[in-house]
Amino acid sequence: MIEAHRLSKTFYAPRSAPIEAVREVSLSVEAGEILGLLGPNGAGKTTLLRMLATILTPTSGSCRVCAVPVSESPQAARAKIGFLSGNTRLYGRLTPRELLRYFGRLYGMDRDTIADRTEALSAMLGMGEFLDRRCDTLSTGQTQRVSIARVILHDPPVLILDEPTLGLDIMSSRTILDFIREARGREHAIIFSTHYMTEAELLCDRIGLIHEGRIHAMDTPANLYARTHTDNLQDAFLAMIGAEPATAEAGPDVS
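Quick notes on the rules
Residues numbered from 1 in each chain as written. Predicted model: local features only at pLDDT ≥ 70, side-chain atom pairs only at ≥ 80, totals over all residues. Heavy atoms only, no water. Helix = DSSP H or I, 4+ residues; strand = E, 2+ residues; numbered from the N terminus. Contact = heavy atoms within 4.5 Å. Polar contact = N/O pair within 3.5 Å; in protein donor to acceptor, adjacent residues only side chain to side chain. Pairing = 2+ DSSP bridges. Axes fitted to C-alpha atoms, helices over the stretch in contact; angles between N-to-C directions. Phe/Tyr/Trp six-rings, centres within 6.5 Å; stacked < 30°, edge-to-face > 60°.

Draft legend 1. The environment of Asp-219, seen in detail. Along the polypeptide, Asp-219 turns up in strand β10 (residues 214-219). Along the chain, Asp-219 and Phe-192 lie 27 residues apart, while their C-alpha atoms are 15 Å from each other. When sequence neighbours within four positions are dropped, the list of residues in contact with Asp-219 reads Arg-206, Ile-207, Leu-224 and Arg-227. Among the polar contacts listed, one links the side chain of Asp-219 to the side chain of Asn-223, at a separation of 2.9 Å. At a separation of 3.4 Å, a polar atom in the side chain of Asp-219 contacts the side chain of Arg-227.

Draft legend 2. Examining the pairing of strand β4 (residues 60-65) more closely. As paired strands, strand β1 (residues 2-11) and β4 are joined by five bridges and run antiparallel to one another. Residue His-5 lies in a different strand from β4, and its bridge partner there is Ser-62. By the bridge criterion, two bridges tie β4 to strand β5 (residues 68-69) in an arrangement that is antiparallel. Paired with Val-65 across the two strands is Val-68, which belongs to β5. In sequence, β4 turns back onto β5 through a hairpin of two residues, with Cys-66 there showing a positive phi of about 50 degrees.

Draft legend 3. Just the sheet that holds strand β8 (residues 189-194), in detail. The strand order β6-β7-β8-β3-β9-β10 describes an open sheet built from six strands, whose pairing is mixed. Among the strands making up the open sheet, the edge pair consists of β6 (81-84) and β10. Adjacent strand axes in the sheet meet at a mean angle of 15 degrees when their direction is disregarded. Taken together, the five bridges between strand β9 (residues 206-211) and β10 define a ladder with antiparallel strand orientation. Its bridge partner lying in β10, Leu-209 is registered against Ala-217. Along the sheet face, helix α5 (residues 140-152) touches β6 and β7 (158-162) and points at about 160 degrees away from the line of β6. Sheet contacts for helix α8 (residues 221-228): β9 and β10; angle to β10, the most-contacted strand, approximately 110 degrees.

Draft legend 4. Up close: the sheet that holds β5. Taken together, the four strands give an open sheet; going across it, the order is β2-β1-β4-β5, and neighbouring strands pair in antiparallel fashion. Where the open sheet ends on each side, the last strands, each with one partner, are β2 (19-29) and β5. Where β1 lies against β2, seven bridges are found, and the strand directions are antiparallel. Within β2, the position partnered with Lys-9 by the bridge is Val-22. Relative to the sheet, helix α1 (residues 45-52) contacts β1, β2 and β4, its axis offset from that of β1 by approximately 120 degrees.

Draft legend 5. Here's a closer look at the packing of aromatic side chains. Under the definition given, this model contains three aromatic pairs. Ring centres of Tyr-91 and Tyr-102 lie 5.9 Å apart, and the angle between their planes is 85 degrees; on these two criteria the pair is classed as edge-to-face. Taken together, the residues Tyr-91 in the loop between β6 and α3 (96-106) and Tyr-102 in helix α3 connect sequence positions eleven residues apart. Ring centres of Tyr-102 and Phe-103 lie 5.3 Å apart, and the angle between their planes is 80 degrees; on these two criteria the pair is classed as edge-to-face.

See the structure below:
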């Protein structure tokens, strides 16, 4: 469903050295699988996800979504993708229902299908109490639920989620995590980044440990623990990049 082969991205700016944000990353995600990307800020997670989602053009390498070559047919690939970024914004003067109707028409959906999907997503994501309130009156958690509904309105087979629970309270986070599990059960291919170790351990079939633009390991949590002789993702990550294990008093923030 998602295939990347030696994807790299270098950013160039005047009067400064090039920044290699992603370095020859290869990965694949199958239908009904969740792949988590775990790494510190600046590791390259967001850049990698944006290349997979066709938002950024790779400097080198290639990727395919549902067998569609992204570089050759970006529009066809986008039709297969639901992409949620950490800085997604909503139109404040619209209600969630109006927003979904607007994006549904952009996706080429008919009115009846939009209405049916809106009701189904409202029930799934617990949006009933604010479906007809203006978006600029919603809380952070409510806004994120609407953002996810917009992303999956057209029921794409591939979901690319960049820190979908960042800044959310425990109840909103649980709703989002339940949705991700449900999507896996419906055979969606899901790749997401997170700073929360518990999320990765609970949700992911496989985890990619990314640091300085490179994937240092990609495996099941159990296999990562066995390979590093650890029992948690933070210590497994630190072992993979050759850092000292974290302590209770101090240590690098990789969560």
